[in-house]
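Given next are the chains, with one letter for each unit.
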Amino acid sequence: MAGPAAADPDAREVLRLRDITVASARALLARHGLQLQQVAADAPIPGSYWGDPEAGVIGATVYAREDTPVHSLLHEACHLIVLPAPRRAAVHTDATDSVEEEDATCYLQIVLADALPGVGSARLMRDMDAWGYSFRLGSTRAWFEQDAEDARLWLQRRDLLPPPADTALA
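The rules we used
Residues numbered from 1 in each chain as written. Predicted model: local features only at pLDDT ≥ 70, side-chain atom pairs only at ≥ 80, totals over all residues. Heavy atoms only, no water. Helix = DSSP H or I, 4+ residues; strand = E, 2+ residues; numbered from the N terminus. Buried < 20%, exposed > 50% of the residue type's maximum accessible area, 1.4 Å probe, protein only. Contact = heavy atoms within 4.5 Å. Salt bridge = Lys/Arg side-chain N within 4 Å of Asp/Glu carboxyl O. Axes fitted to C-alpha atoms, helices over the stretch in contact; angles between N-to-C directions. Parallel < 35°, antiparallel > 145°, perpendicular 65-115°, else oblique. Nonpolar A, V, L, I, M, F, W, Y, C, P; charged D, E, K, R; others polar. Pairing = 2+ DSSP bridges.

> Help me get a handle on the overall build of the chain, residues and values and all.
Broken down by element type, the chain carries 7 helices and 3 strands. Each helix and strand of the chain, placed in order from N terminus to C terminus, yields the pattern α-β-β-β-α-α-α-α-α-α. Evaluated residue by residue, the chain yields a buried proportion of 48% over its 170 residues. A fraction of 60% describes how many contacts in the chain between residues 6 or more apart in sequence connect residues 24 or more apart.

Quick look at the structure:
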């Protein structure tokens, strides 16, 4: 569903790991049994499907550099979140094998963006569009609001969606 749009000038304007509090990203991933491993600025990113600066995955670890887009970090983390533990442990670079998992991953990354201070779902959807995610309705927001019912239900059946903010326990 996604590929870097390096030729697109707007793609350079997406939020990067250096633009957010890394501790909040680590804490979010930890809530889902994942680790965030920061990679040195000049090092290749282990397990990156698309190549640098895109996030990578190996087992329960998400690898990212300071120039990794936040949407990429969340996308790869969500690939791991939607997988059952035995499959997650075996992941190296390519985490999905179905359209349903890919759709669930995209949906969940939008939802989880609200848990990162300074990100939020609206910004994440704009960044996804700028980077080159493609959805049949033309934009991430249109897909999320009008065409993602299957992804939402897939996540709900597996109890992978956080409770709505207004009903969350304090």
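That was the structure; now back to the text.
> Give a detailed account of the pattern of salt bridges, specifying residues and quantitative values.
Once their charged atoms are close, side chains differing in charge can pair, the charge on each being opposite to the other. Overall, the coordinates contain 7 salt bridges when judged by the stated rule. Measuring nitrogen to oxygen at the nearest pair gives 2.9 Å for the salt bridge that ties R65 to D67. The shortest N-O distance in the salt bridge between E149 and R152 comes to 2.4 Å. Remark: R152 and E149 occur in helix α7 (residues 149-157); sequence separation between them is 3 residues, near one turn of the helix. On the accessibility criterion, E149 (41% relative accessible area) is partly exposed. If you follow the salt bridges from partner to partner, you end up with D52, R65 and D67 in one network.

> Hey, could you go over the packing of helix α2 (residues 70-82) against helix α5 (residues 120-131) for me, with residue numbers and the actual values?
Helices that pack against each other are described as a pair by the angle of their axes relative to one another and the distance between those axes. The N-to-C vectors of α2 and α5 enclose an angle of 100°; their axes lie 9 Å apart at closest approach. Judged on the interaxial angle alone, α5 and α2 are roughly perpendicular. Across the interface between the two elements, V70, H71 and L74 of α2 pack against L124, D127, M128 and W131 of α5. Of the residues in the contact of α2 with α5, the class split is 5 nonpolar, 1 polar and 1 charged.

> So what's going on with the sheet that holds strand β1 (residues 35-38)? Residues and values would help.
Spatially, the 3 strands line up as an open sheet ordered β1-β3-β2, and their pairing is mixed. Across the chains shown, the open sheet's two edge strands, defined by having one partner strand only, are β1 and β2 (56-58). Looking at each pair of strands side by side, their axes are set apart by 30° on average, direction ignored. Direction of pairing for β2 relative to strand β3 (residues 61-64): antiparallel, over a ladder of 3 bridges. What sits directly across from G56, in β3, is Y63. Relative to β1, helix α1 (residues 22-30) is tilted by about 145°, and along the sheet it contacts β1 and β3.

Keep in mind these numbers describe shape, not what the thing actually does.
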